Amino acid sequence: MRPSLQSYLAAKRTVDDRALNRRVLERFSDELAGVDDPARVVEFGFGVGTMIERLAEWGRLPERTSYRAIDRDPENVAAARARVPDRLEPTEYRIVDDHDSGWAATREDVETAELDRVETADFGERTDGRSIALTLEVGDALSPETIASGDATAGNDACAEAVVAAAFLDVVDLERALESIAAALEPGGLLYAPITFDGATGFAPSHPLDDRIERLYHRHMDEIRDAGASTTGRQLLASLPANGFEMLAAGGSDWIVRPRSADEGSGYPATERTFLQTILETIDEALAAYPADVLDPADRRAWLSTRRRQLEESELSFVAHHVDVLARLENN
């Protein structure tokens, strides 16, 4: 059985932790530290909240941050509401919010579409430590209506100083996404887009079908999937300047997942077996879209069976190439 999307996103936390390009992240943190107080950040494709957890735990946010988190999946937002507050409490940061009951979203809330937005309170007198005024929102970050509604969230007519788009730009229409990001930013605002896929997917041990599987999987991203592309990472290096952004930093951020060595223990770190299981099922679903004259279903099943067995026996390793970018919207 394929793990839920929310389980996969949670399992991906430790994989992304290792992968993130520290030089690009440090530049983002340094640039954000220089903006007005509080720093206003919007995240496109918030998922279950692992990015804001990481930024807070690693001390990469300013002392006071207004953070607007948007995701189109109500179940992702429900999961974020359940996990983010508790995970931020042990850090220097505390969530400023007057609606404590708003975090306890139920499945009934999701099914009846009552999950909409958690409005945040003012920072008030909380000046003794770091704080985040957090708004979680169900919505399409690429919709002009969603972006426009952010004015009320920010409490004024200004746009954000930063947009975070982690593992996002490679699964949406890039040009449309860059337009939405520019609309969400004030002139001189930052785009931080880490874990952007860039055209390499591999497993070990090797399998005779690997090259063909990888080629067809990437072709599915480029030609069959609704949006996104297998080489978005490198495309950003040209698309950002063409769309009014100045490149500030870029670097690799590869996913590398492997079984622990004998002296590290057994199996995979944290819940990374769940992560790998989802990757295999995602690839299989993509390959199943091809007719038999392109890929014999028996070959697909044989490849997947081998990889599942290797995963179960803690023998499977995985590598995927990504690019992290940081750019500034130019003053036009």
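Residues numbered from 1 in each chain as written. Predicted model: local features only at pLDDT ≥ 70, side-chain atom pairs only at ≥ 80, totals over all residues. Heavy atoms only, no water.

### Digging into the pairing of strand β5 (residues 160–164)
Then, in step 1: Of all five residues making up β5, five are buried, and the element is well covered by its neighbours.
Then, in step 2: Taken together, the three bridges between strand β1 (residues 39–44) and β5 define a ladder with parallel strand orientation. Of the residues in β5, the one forming a bridge with Val42 is Val163. (Buried < 20%, exposed > 50% of the residue type's maximum accessible area, 1.4 Å probe, protein only. Helix = DSSP H or I, 4+ residues; strand = E, 2+ residues; numbered from the N terminus. Pairing = 2+ DSSP bridges.)

### Side note on helix α4 (residues 74–88)
Then, in step 1: Helix length check: α4 (15 residues) gives 21 Å between terminal C-alpha atoms against 21 Å at 1.5 Å per residue, within 8%.
Then, in step 2: By the largest-angle criterion, Arg81 marks the main kink of α4, which is about 30°, and a proline, Pro85, follows within four residues.
Then, in step 3: By the burial criterion, the buried members of α4 are Asn76, Val77, Ala78, Ala80, Arg81, Arg83, Val84, Pro85 and Leu88.
Then, in step 4: Capping the start of α4 is the job of one residue whose side-chain oxygen sits 2.8 Å from the backbone nitrogen of Glu75: Asp73. (Expected span 1.5 Å × (residues − 1). Bend = angle between axes of the 7 residues up to and from the residue. Polar contact = N/O pair within 3.5 Å; in protein donor to acceptor, adjacent residues only side chain to side chain.)

### Details of the packing of aromatic side chains
Then, in step 1: In this structure the tally under the stated criterion is nine aromatic pairs.
Then, in step 2: Ring centres 5.6 Å apart and planes at 10° place the aromatic pair Tyr8 and Phe275 in the stacked group. Linking Tyr8 in helix α1 (residues 5–19) with Phe275 in helix α11 (residues 272–287), this pair joins segments that are 267 residues apart in sequence.
Then, in step 3: Overall, Tyr8 belongs to the buried group, its relative accessible area being 13%.
Then, in step 4: Considering the side-chain rings of Phe203 and Trp303, the 5.6 Å spacing of their centres and the 75° angle between planes classify their relative orientation as edge-to-face. Here Trp303 lies in helix α12 (residues 297–312) and Phe203 lies in strand β6 (residues 185–204), a separation of 100 residues in the sequence.
Then, in step 5: Three or more aromatic residues joined by ring pairs form one cluster here, namely Tyr8, Phe203, Trp255, Phe275, Trp303 and Phe318.
Then, in step 6: Its guanidinium or amino end placed over the ring of Trp58, Arg54 lies 5.9 Å from that ring's centre, counting from NZ or CZ. (Phe/Tyr/Trp six-rings, centres within 6.5 Å; stacked < 30°, edge-to-face > 60°. Lys NZ or Arg CZ within 6 Å of the ring centre and 35° of its normal.)

### Considering the confidence of the model for the chain
Then, in step 1: For the chain, the average pLDDT comes to 88, and 87% of its residues sit at 70 or higher.
Then, in step 2: Counted against residues more than four places away or in other chains, residues 98–127, with its pLDDT under 50, gives 64 contacts.
Then, in step 3: Contacts from residues 152–157, a stretch scored under 50 in pLDDT, to residues over four places away or in other chains number six contacts. (pLDDT = per-residue confidence, 0-100. Contact = heavy atoms within 4.5 Å.)

### A short note on helix α2 (residues 22–33)
Then, in step 1: Relative to the 16 Å expected for 12 residues at 1.5 Å per residue, α2 spans 16 Å between its end C-alpha atoms, a close match to the ideal helical length.
Then, in step 2: Those residues of α2 lying buried are Val24, Leu25, Phe28, Ser29 and Leu32. Buried residues of α2, seen end-on, are gathered within an arc of 135° and therefore sit on one face of the element. Those residues of α2 that are exposed and aimed more than 90 degrees away from the buried face are Arg23 and Ala33.
Then, in step 3: Of the surrounding secondary structure, the elements contacted by the buried residues of α2 are β1, α3 (50–57), β5, β6, β7 (245–252) and β9 (317–329). (Arc of directions from axis to C-beta.)

### Focus: the pattern of salt bridges
Then, in step 1: This structure, assessed with the given rule, holds 25 salt bridges.
Then, in step 2: Here Glu31 ties to Arg27 by a salt bridge, and the two come within 2.9 Å at their closest N and O atoms. Here Glu31 pairs with Arg27, and both are found in helix α2, just four residues apart, close to one helical turn.
Then, in step 3: Across the pair Glu31 and Arg328 runs a salt bridge, and its minimum N-O distance is 3.2 Å. (Salt bridge = Lys/Arg side-chain N within 4 Å of Asp/Glu carboxyl O.)

### Some remarks on the packing of α11 against α12
Then, in step 1: Between α11 and α12, the shortest axis-to-axis distance is 11 Å and the interhelical angle comes to 180°. On the basis of the axis angle, α11 is roughly antiparallel to α12. Contacts between α11 and α12 involve Arg273, Leu276, Gln277, Leu280, Glu281, Ile283, Asp284 and Leu287 on the former and, on the latter, Arg300, Trp303, Leu304, Arg307, Arg308, Leu311 and Glu312.
Then, in step 2: Tallied by class, residues from the contact of α11 with α12 come to seven nonpolar, one polar and seven charged. (Axes fitted to C-alpha atoms, helices over the stretch in contact; angles between N-to-C directions. Parallel < 35°, antiparallel > 145°, perpendicular 65-115°, else oblique. Nonpolar A, V, L, I, M, F, W, Y, C, P; charged D, E, K, R; others polar.)

### With respect to the packing of α1 against α4
If you want to describe how two helices pack, look at the angle between their axes and the distance between the axes.
Then, in step 1: Here α1 crosses α4 at 50°, and the two axes come no closer than 10 Å. Classified by the angle between their axes, α1 and α4 sit oblique to one another. Remark: the crossing between α1 and α4 carries right-handed chirality. Here Leu5, Gln6, Leu9 and Ala10 of α1 lie close against α4, whose contacting residues are Glu75, Asn76, Ala79 and Arg83. (Left-handed = near helix turned anticlockwise from the far one by under 90°.)

### A few points about the nonpolar core
Then, in step 1: Core analysis: the biggest nonpolar cluster contains 64 residues, and Phe28, Tyr67, Trp255 and Phe275 have the highest contact counts within it.
Then, in step 2: The dominant element in this core, judged by the number of residues it contributes, is α11, at seven residues.
Then, in step 3: Apart from the residues lying within four places of it in its own chain, the contact partners of Phe28 are Leu55, Ala162, Val164, Leu190, Tyr192 and Leu326. (Core = buried A, V, L, I, M, F, W, Y, C linked by side-chain atoms within 4.5 Å.)

### A look at unusual backbone geometry
Then, in step 1: Omega for the peptide link from Asp37 to Pro38 comes to 0°, which places this bond in the cis form.
Then, in step 2: Its identity is not glycine, yet Ile195 carries a phi of approximately 55°, on the positive side.
Then, in step 3: A positive phi angle, close to 45°, is found at Ala270, a residue other than glycine.
Then, in step 4: With respect to the element layout, Ala270 can be found in the loop between β8 (255–257) and α11.

### Looking at the side chain of Glu272
Then, in step 1: Topologically, Glu272 is positioned in helix α11.
Then, in step 2: The residues touching Glu272, leaving out its near neighbours within four places in the chain, are Ala11, Thr14, Val15, Arg18 and Val257.

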